[in-house]
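An overview of the molecular structure
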Amino acid sequence: MMNIFNRKSKQPNYKDMPDTELVELAKTDQDAFGELYERYMTKIYNYIYYRTSNQHDAEDLTARVFYRAMSHIENYVDKGVPFQAWLYRIAHNLVANWHRDRGRRKIIPLDEFVASSLRSESPDRFAEDEEEREQLLEAIRRLPSERQQLLLLKFVEHKSNAEIGEIMERTEGAIKSLYHRTLITLRDDLQMKQLSRNRNDNPNRTQKKG
Amino acid sequence: MSYTSENRFEDLLSELTDAMLHDASARQVNTLVDSYDVAAVEINPFKDMIYQLQGVLTPQQPSDQFAKRLKRDLMGQQRYTFMDRLRYLPARVHVAAGFAVVAGFMLITRRRIGIDIDDAVELPALQQ
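Everything numeric in this text was worked out from a predicted model, so none of it was measured. (Residues numbered from 1 in each chain as written. Chains lettered and ligands numbered in written order. Predicted model: local features only at pLDDT ≥ 70, side-chain atom pairs only at ≥ 80, totals over all residues.)

**Thoughts on the overall build of chain B**
Secondary structure summary: chain B contains six helices and zero strands in total. What you see in chain B, going N to C, is helices and strands ordered as α-α-α-α-α-α. By the burial criterion, 8% of the 128 residues in chain B qualify as buried. (Helix = DSSP H or I, 4+ residues; strand = E, 2+ residues; numbered from the N terminus. Buried ≥ 20, exposed ≤ 12 C-beta atoms within 10 Å, placed from the backbone.)

Put into C-alpha coordinates, the structure is as follows:
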(Lines give C-alpha, C1' and ligand atoms only; values in the text may rest on other atoms or scores of the structure.)
Protein backbone atom coordinates (compact mmCIF):
# COMPACT_ATOMS: atom_id res chain seq x y z
CA MET A 1 0.00 0.00 0.00
CA MET A 2 2.84 2.39 0.92
CA ASN A 3 4.40 1.69 -2.45
CA ILE A 4 1.33 3.01 -4.13
CA PHE A 5 1.58 6.27 -2.24
CA ASN A 6 5.31 6.58 -2.69
CA ARG A 7 5.11 6.05 -6.41
CA LYS A 8 5.27 9.47 -8.00
CA SER A 9 3.82 8.81 -11.40
CA LYS A 10 3.11 6.12 -13.94
CA GLN A 11 5.18 8.03 -16.49
CA PRO A 12 8.15 5.89 -17.58
CA ASN A 13 11.69 6.98 -16.73
CA TYR A 14 12.84 8.03 -20.17
CA LYS A 15 16.35 9.05 -19.12
CA ASP A 16 17.48 5.45 -18.56
CA MET A 17 15.85 4.00 -21.64
CA PRO A 18 17.87 2.87 -24.65
CA ASP A 19 17.14 4.56 -27.97
CA THR A 20 15.36 1.54 -29.42
CA GLU A 21 12.78 1.53 -26.62
CA LEU A 22 12.38 5.30 -26.70
CA VAL A 23 11.80 5.32 -30.45
CA GLU A 24 9.00 2.78 -30.12
CA LEU A 25 7.38 4.88 -27.38
CA ALA A 26 7.93 8.09 -29.32
CA LYS A 27 5.59 6.84 -32.02
CA THR A 28 2.67 7.56 -29.67
CA ASP A 29 4.21 9.47 -26.77
CA GLN A 30 5.50 13.01 -27.23
CA ASP A 31 7.53 12.96 -24.02
CA ALA A 32 9.58 10.05 -25.35
CA PHE A 33 10.29 12.09 -28.46
CA GLY A 34 11.24 14.98 -26.18
CA GLU A 35 13.91 12.79 -24.58
CA LEU A 36 15.29 11.82 -27.99
CA TYR A 37 15.39 15.52 -28.82
CA GLU A 38 17.39 16.23 -25.66
CA ARG A 39 19.86 13.48 -26.52
CA TYR A 40 20.56 14.47 -30.11
CA MET A 41 19.67 18.11 -30.70
CA THR A 42 23.12 19.51 -29.87
CA LYS A 43 24.90 16.82 -31.90
CA ILE A 44 22.75 17.47 -34.95
CA TYR A 45 23.14 21.22 -34.50
CA ASN A 46 26.93 20.87 -34.41
CA TYR A 47 26.96 18.70 -37.50
CA ILE A 48 24.84 21.20 -39.43
CA TYR A 49 26.66 24.21 -38.03
CA TYR A 50 29.99 23.18 -39.49
CA ARG A 51 28.40 22.23 -42.79
CA THR A 52 26.61 25.56 -43.22
CA SER A 53 29.05 27.86 -41.41
CA ASN A 54 26.44 30.06 -39.82
CA GLN A 55 24.23 29.96 -36.78
CA HIS A 56 21.02 31.10 -38.44
CA ASP A 57 20.94 28.35 -41.07
CA ALA A 58 22.14 25.79 -38.55
CA GLU A 59 19.17 26.57 -36.31
CA ASP A 60 16.75 26.54 -39.23
CA LEU A 61 17.99 23.19 -40.56
CA THR A 62 18.19 21.62 -37.09
CA ALA A 63 14.54 22.51 -36.57
CA ARG A 64 13.67 20.96 -39.93
CA VAL A 65 15.54 17.75 -39.06
CA PHE A 66 13.48 17.29 -35.90
CA TYR A 67 10.19 18.20 -37.56
CA ARG A 68 10.92 15.65 -40.26
CA ALA A 69 12.00 13.03 -37.73
CA MET A 70 8.84 13.60 -35.73
CA SER A 71 6.55 13.29 -38.71
CA HIS A 72 8.30 10.16 -40.01
CA ILE A 73 9.09 8.38 -36.78
CA GLU A 74 6.06 6.13 -37.20
CA ASN A 75 7.68 4.72 -40.34
CA TYR A 76 11.06 4.17 -38.67
CA VAL A 77 11.87 0.49 -38.33
CA ASP A 78 15.11 -0.55 -36.69
CA LYS A 79 16.74 -2.67 -39.39
CA GLY A 80 20.20 -2.43 -37.94
CA VAL A 81 20.43 1.32 -38.54
CA PRO A 82 20.50 3.05 -35.15
CA PHE A 83 18.18 5.98 -34.57
CA GLN A 84 21.07 8.45 -34.43
CA ALA A 85 22.30 7.27 -37.82
CA TRP A 86 18.79 7.82 -39.15
CA LEU A 87 18.80 11.38 -37.75
CA TYR A 88 22.23 12.13 -39.23
CA ARG A 89 21.02 10.92 -42.61
CA ILE A 90 18.07 13.30 -42.46
CA ALA A 91 20.49 16.09 -41.54
CA HIS A 92 22.91 15.10 -44.30
CA ASN A 93 20.13 15.15 -46.92
CA LEU A 94 18.79 18.51 -45.75
CA VAL A 95 22.27 20.06 -45.80
CA ALA A 96 22.87 18.65 -49.30
CA ASN A 97 19.57 20.18 -50.47
CA TRP A 98 20.48 23.45 -48.78
CA HIS A 99 23.79 23.63 -50.66
CA ARG A 100 22.14 22.66 -53.92
CA ASP A 101 19.26 25.13 -53.59
CA ARG A 102 21.41 28.07 -52.67
CA GLY A 103 24.38 27.19 -54.85
CA ARG A 104 26.53 27.88 -51.82
CA ARG A 105 29.74 26.02 -52.12
CA LYS A 106 31.47 29.37 -51.81
CA ILE A 107 33.42 30.11 -48.66
CA ILE A 108 31.56 31.92 -45.95
CA PRO A 109 33.37 33.19 -42.86
CA LEU A 110 32.37 31.53 -39.63
CA ASP A 111 30.18 33.47 -37.24
CA GLU A 112 31.86 35.97 -35.01
CA PHE A 113 30.91 34.02 -31.91
CA VAL A 114 32.84 30.98 -33.06
CA ALA A 115 35.81 33.13 -33.88
CA SER A 116 35.62 34.65 -30.41
CA SER A 117 35.41 31.20 -28.84
CA LEU A 118 38.69 30.36 -30.56
CA ARG A 119 40.47 33.43 -29.19
CA SER A 120 41.87 31.71 -26.19
CA GLU A 121 45.54 32.52 -26.58
CA SER A 122 47.53 35.74 -26.32
CA PRO A 123 46.55 38.61 -28.64
CA ASP A 124 49.96 38.61 -30.35
CA ARG A 125 49.60 35.08 -31.53
CA PHE A 126 45.91 35.45 -32.24
CA ALA A 127 46.11 36.99 -35.73
CA GLU A 128 48.54 34.37 -36.96
CA ASP A 129 46.66 31.49 -35.36
CA GLU A 130 43.34 32.80 -36.56
CA GLU A 131 44.60 32.95 -40.12
CA GLU A 132 45.84 29.37 -39.89
CA ARG A 133 42.54 28.21 -38.47
CA GLU A 134 40.56 30.00 -41.14
CA GLN A 135 42.78 28.42 -43.81
CA LEU A 136 42.16 24.99 -42.37
CA LEU A 137 38.42 25.59 -42.17
CA GLU A 138 38.43 26.73 -45.79
CA ALA A 139 40.34 23.59 -46.76
CA ILE A 140 37.76 21.47 -44.90
CA ARG A 141 34.92 23.21 -46.72
CA ARG A 142 36.60 22.44 -50.06
CA LEU A 143 36.44 18.71 -49.29
CA PRO A 144 33.65 16.55 -50.76
CA SER A 145 30.64 16.41 -48.43
CA GLU A 146 31.22 12.83 -47.25
CA ARG A 147 34.76 13.69 -46.13
CA GLN A 148 33.50 16.75 -44.28
CA GLN A 149 30.91 14.51 -42.64
CA LEU A 150 33.60 12.07 -41.57
CA LEU A 151 35.74 14.80 -39.99
CA LEU A 152 32.79 16.33 -38.12
CA LEU A 153 31.65 12.99 -36.75
CA LYS A 154 35.17 12.20 -35.62
CA PHE A 155 36.34 15.53 -34.22
CA VAL A 156 33.15 17.24 -33.09
CA GLU A 157 31.11 14.21 -32.06
CA HIS A 158 34.05 11.99 -31.07
CA LYS A 159 32.40 9.00 -32.74
CA SER A 160 34.25 5.74 -33.23
CA ASN A 161 34.96 4.39 -36.70
CA ALA A 162 32.28 1.75 -36.19
CA GLU A 163 29.65 4.38 -35.34
CA ILE A 164 30.72 6.55 -38.28
CA GLY A 165 30.46 3.47 -40.49
CA GLU A 166 26.86 2.92 -39.38
CA ILE A 167 25.95 6.51 -40.10
CA MET A 168 27.70 6.65 -43.46
CA GLU A 169 26.76 3.10 -44.47
CA ARG A 170 30.35 1.94 -44.86
CA THR A 171 32.56 -0.64 -43.22
CA GLU A 172 34.94 0.31 -40.44
CA GLY A 173 37.89 -0.43 -42.75
CA ALA A 174 36.46 1.86 -45.42
CA ILE A 175 36.13 4.66 -42.86
CA LYS A 176 39.76 4.26 -41.79
CA SER A 177 40.86 4.38 -45.39
CA LEU A 178 38.68 7.41 -46.17
CA TYR A 179 40.06 9.18 -43.11
CA HIS A 180 43.63 8.56 -44.24
CA ARG A 181 42.90 9.90 -47.72
CA THR A 182 41.09 12.91 -46.24
CA LEU A 183 44.10 13.88 -44.14
CA ILE A 184 46.38 13.51 -47.18
CA THR A 185 44.05 15.73 -49.25
CA LEU A 186 43.95 18.35 -46.52
CA ARG A 187 47.72 18.33 -46.12
CA ASP A 188 48.29 18.65 -49.88
CA ASP A 189 45.65 21.36 -50.20
CA LEU A 190 47.20 23.43 -47.42
CA GLN A 191 50.69 22.99 -48.88
CA MET A 192 49.49 24.13 -52.31
CA LYS A 193 47.81 27.18 -50.83
CA GLN A 194 50.93 27.99 -48.87
CA LEU A 195 53.07 27.75 -52.00
CA SER A 196 50.77 30.00 -54.01
CA ARG A 197 50.68 32.51 -51.14
CA ASN A 198 54.46 32.55 -50.99
CA ARG A 199 54.58 33.19 -54.74
CA ASN A 200 52.12 36.07 -54.40
CA ASP A 201 54.03 37.56 -51.48
CA ASN A 202 57.40 37.45 -53.27
CA PRO A 203 56.70 37.61 -57.02
CA ASN A 204 60.12 39.12 -57.89
CA ARG A 205 62.07 36.42 -56.11
CA THR A 206 60.02 33.71 -57.84
CA GLN A 207 60.61 35.33 -61.26
CA LYS A 208 64.35 35.63 -60.65
CA LYS A 209 64.55 32.01 -59.63
CA GLY A 210 62.51 30.96 -62.67
CA MET B 1 42.57 -9.72 -48.10
CA SER B 2 46.10 -9.22 -46.84
CA TYR B 3 47.05 -6.71 -44.19
CA THR B 4 49.22 -4.23 -46.05
CA SER B 5 51.50 -1.53 -44.70
CA GLU B 6 48.88 0.98 -45.82
CA ASN B 7 46.25 -0.77 -43.65
CA ARG B 8 48.72 -0.63 -40.81
CA PHE B 9 49.24 3.09 -41.28
CA GLU B 10 45.46 3.65 -41.42
CA ASP B 11 45.07 1.77 -38.14
CA LEU B 12 47.77 3.90 -36.57
CA LEU B 13 46.12 7.13 -37.77
CA SER B 14 42.77 6.07 -36.32
CA GLU B 15 44.25 5.05 -32.98
CA LEU B 16 46.39 8.16 -32.83
CA THR B 17 43.36 10.39 -33.50
CA ASP B 18 41.29 8.63 -30.83
CA ALA B 19 44.15 8.97 -28.34
CA MET B 20 44.62 12.68 -29.07
CA LEU B 21 40.88 13.33 -28.91
CA HIS B 22 40.82 11.68 -25.51
CA ASP B 23 43.63 13.91 -24.26
CA ALA B 24 46.31 11.25 -24.15
CA SER B 25 49.67 12.44 -22.84
CA ALA B 26 52.64 12.98 -25.15
CA ARG B 27 54.25 9.85 -23.71
CA GLN B 28 51.17 7.73 -24.45
CA VAL B 29 51.07 9.07 -28.01
CA ASN B 30 54.75 8.31 -28.51
CA THR B 31 54.34 4.80 -27.13
CA LEU B 32 51.48 4.22 -29.55
CA VAL B 33 53.52 5.44 -32.52
CA ASP B 34 56.51 3.31 -31.43
CA SER B 35 54.31 0.20 -31.25
CA TYR B 36 53.56 0.59 -34.96
CA ASP B 37 57.22 1.03 -35.83
CA VAL B 38 56.60 3.97 -38.17
CA ALA B 39 59.21 6.65 -38.83
CA ALA B 40 58.58 9.98 -37.12
CA VAL B 41 59.04 11.81 -40.45
CA GLU B 42 56.14 9.85 -41.83
CA ILE B 43 53.70 10.31 -38.99
CA ASN B 44 54.54 13.80 -37.67
CA PRO B 45 52.80 15.80 -40.44
CA PHE B 46 49.62 13.82 -39.70
CA LYS B 47 50.03 14.36 -35.99
CA ASP B 48 50.21 18.13 -36.58
CA MET B 49 47.16 17.97 -38.84
CA ILE B 50 45.14 16.06 -36.24
CA TYR B 51 46.19 18.58 -33.60
CA GLN B 52 45.06 21.48 -35.80
CA LEU B 53 41.76 19.80 -36.64
CA GLN B 54 41.16 19.23 -32.96
CA GLY B 55 41.64 22.96 -32.35
CA VAL B 56 39.36 24.04 -35.18
CA LEU B 57 36.50 21.56 -35.00
CA THR B 58 35.30 22.26 -31.49
CA PRO B 59 31.77 21.44 -30.28
CA GLN B 60 29.37 24.37 -30.41
CA GLN B 61 26.48 24.93 -28.05
CA PRO B 62 23.21 26.09 -29.59
CA SER B 63 21.57 28.99 -27.79
CA ASP B 64 19.34 28.05 -24.88
CA GLN B 65 16.57 30.18 -26.31
CA PHE B 66 16.64 28.24 -29.59
CA ALA B 67 16.76 24.85 -27.87
CA LYS B 68 13.80 25.64 -25.63
CA ARG B 69 11.72 27.27 -28.35
CA LEU B 70 12.21 24.36 -30.75
CA LYS B 71 11.30 21.82 -28.09
CA ARG B 72 8.20 23.78 -27.16
CA ASP B 73 7.19 24.04 -30.83
CA LEU B 74 7.80 20.33 -31.40
CA MET B 75 5.92 19.29 -28.29
CA GLY B 76 3.03 21.50 -29.34
CA GLN B 77 2.66 19.41 -32.46
CA GLN B 78 1.02 16.52 -30.63
CA ARG B 79 -1.30 17.15 -27.76
CA TYR B 80 -2.18 14.78 -24.99
CA THR B 81 -5.86 14.02 -24.73
CA PHE B 82 -7.60 14.68 -21.42
CA MET B 83 -7.58 10.94 -20.69
CA ASP B 84 -3.81 10.73 -21.35
CA ARG B 85 -3.20 13.46 -18.81
CA LEU B 86 -5.38 11.68 -16.24
CA ARG B 87 -3.55 8.43 -16.89
CA TYR B 88 -0.15 9.95 -16.03
CA LEU B 89 -1.24 11.52 -12.73
CA PRO B 90 0.49 10.11 -9.61
CA ALA B 91 -1.14 7.10 -7.92
CA ARG B 92 -1.99 9.02 -4.75
CA VAL B 93 -3.96 11.51 -6.85
CA HIS B 94 -5.87 8.59 -8.39
CA VAL B 95 -6.66 7.19 -4.90
CA ALA B 96 -7.69 10.62 -3.57
CA ALA B 97 -9.92 11.18 -6.59
CA GLY B 98 -11.50 7.75 -6.01
CA PHE B 99 -12.25 8.63 -2.36
CA ALA B 100 -13.69 11.98 -3.42
CA VAL B 101 -15.99 10.35 -5.97
CA VAL B 102 -17.22 7.73 -3.44
CA ALA B 103 -17.69 10.37 -0.73
CA GLY B 104 -19.56 12.63 -3.14
CA PHE B 105 -21.76 9.75 -4.25
CA MET B 106 -22.52 8.80 -0.62
CA LEU B 107 -23.31 12.43 0.27
CA ILE B 108 -25.72 12.78 -2.62
CA THR B 109 -27.33 9.41 -1.82
CA ARG B 110 -27.73 10.31 1.87
CA ARG B 111 -29.26 13.65 1.05
CA ARG B 112 -31.61 12.00 -1.43
CA ILE B 113 -32.64 9.36 1.15
CA GLY B 114 -33.09 12.16 3.69
CA ILE B 115 -35.39 14.04 1.32
CA ASP B 116 -37.38 10.85 0.62
CA ILE B 117 -37.85 10.26 4.40
CA ASP B 118 -38.89 13.87 4.93
CA ASP B 119 -41.36 13.53 2.05
CA ALA B 120 -42.71 10.31 3.57
CA VAL B 121 -43.18 12.04 6.94
CA GLU B 122 -44.89 15.06 5.43
CA LEU B 123 -47.28 13.08 3.19
CA PRO B 124 -49.60 11.80 5.98
CA ALA B 125 -49.82 15.32 7.37
CA LEU B 126 -50.93 16.65 3.97
CA GLN B 127 -53.53 13.89 3.64
CA GLN B 128 -55.14 14.96 6.91
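We are not done yet, so read on.
**Thoughts on the overall build of chain A**
The helix and strand inventory of chain A stands at 11 helices and zero strands. Written out in order from the N terminus, the α and β elements of chain A read α-α-α-α-α-α-α-α-α-α-α. The buried share among the 210 residues of chain A stands at 26%. For chain A, long-range pairs separated by at least 24 residues make up 56% of all intrachain contacts whose partners lie at least 6 apart in sequence. (Contact = placed C-beta atoms within 7 Å.)

**Brief notes about the interface of chain B and chain A**
On the chain A side, the residues contacting the 34 residues of chain B number 38 residues. Counting only elements with at least two residues in the side of chain B that touches chain A, the list comes to helix H1 (5-21), helix H3 (40-56), helix H4 (64-75) and helix H6 (91-127) of chain B. It is H3 of chain B that provides the largest number of residues to the side of chain B that touches chain A, a total of eight residues. Among the residues making up the side of chain B that touches chain A, the classes are represented as 20 nonpolar, nine polar and five charged. (Nonpolar A, V, L, I, M, F, W, Y, C, P; charged D, E, K, R; others polar.)

**Concerning the nonpolar core**
Residues and elements named next belong to chain A. Leu-36, Ile-44, Tyr-47, Ile-48, Val-65, Leu-87 and Ala-91 are the most contacted members of the largest nonpolar core, which has 44 residues in total. For this core, the element with the most residues is helix H3 (residues 30-52), which contributes 12 residues. Dropping the residues within four chain positions of it, Ile-48 is found in contact with Ala-58, Leu-61, Thr-62, Ala-91 and Val-95. (Core = buried A, V, L, I, M, F, W, Y, C linked by C-beta atoms within 7 Å.)

**Some thoughts on the confidence of the model for chain B**
A residue-level look at chain B finds 80% of positions with pLDDT of 70 or above and a mean pLDDT of 83. With a pTM of 0.69, the predicted complex shows an ipTM of 0.72. (pLDDT = per-residue confidence, 0-100.)

**A closer look at the confidence of the model for chain A**
All names here are of chain A. A residue-level look at chain A finds 79% of positions with pLDDT of 70 or above and a mean pLDDT of 82. Highest mean pLDDT in chain A belongs to helix H4 (residues 55-72) (94); lowest belongs to helix H6 (residues 112-118) (48). Counting interchain partners and residues more than four positions distant, the pLDDT-below-50 stretch residues 104-110 has nine contacts.

**Examining the packing of H3 of chain A against H4 of chain B**
Closest axis-to-axis distance for the H3 of chain A/H4 of chain B pair is 10 Å, and the angle between their directions is 155°. Classified by the interaxial angle, the pair formed by H3 of chain A and H4 of chain B is roughly antiparallel. The way H3 of chain A lies across H4 of chain B gives a crossing that is right-handed. Taking contact as the criterion, the partners of Gln-30, Gly-34, Tyr-37 and Met-41 of chain A in H3 of chain A are, on H4 of chain B, Ala-67, Lys-71, Leu-74 and Met-75 of chain B. For the contact of H3 of chain A with H4 of chain B, a count of residues per class yields five nonpolar, two polar and one charged. (Axes fitted to C-alpha atoms, helices over the stretch in contact; angles between N-to-C directions. Parallel < 35°, antiparallel > 145°, perpendicular 65-115°, else oblique. Left-handed = near helix turned anticlockwise from the far one by under 90°.)

**Focus on H1 of chain B**
An ideal rise of 1.5 Å per residue puts 24 Å on 17 residues; H1 of chain B measures up with 24 Å between its terminal C-alpha atoms. Looking only at H1 of chain B, the buried set comprises Glu-10, Leu-12, Leu-13, Leu-16 and Thr-17 of chain B. Buried residues of H1 of chain B fall within an arc of 160° about the axis and therefore sit on the same side. For H1 of chain B, the elements touching its buried residues are helix H8 (145-156) and helix H10 (172-201) of chain A together with helix H2 (26-36) and H3 of chain B. Looking one or two residues beyond H1 of chain B, the residue adopting positive phi is Asp-23 of chain B, at roughly 55°. (Expected span 1.5 Å × (residues − 1). Arc of directions from axis to C-beta.)

**Side note on H2 of chain B**
H2 of chain B sits mainly on the outside: one of its 11 residues count as buried. Within two residues after H2 of chain B, Asp-37 of chain B carries a phi angle of roughly 55°, on the positive side.

**A short note on the environment of Ile-140 of chain A**
Residue and element names in this part refer to chain A. Structurally, Ile-140 is set in helix H7 (residues 123-142). With 42 residues separating them in the primary sequence, Ile-140 and Thr-182 have C-alpha atoms 9.3 Å apart. Residues contacting Ile-140, with those up to four places away along its chain left out, are Gln-148 and Leu-151.

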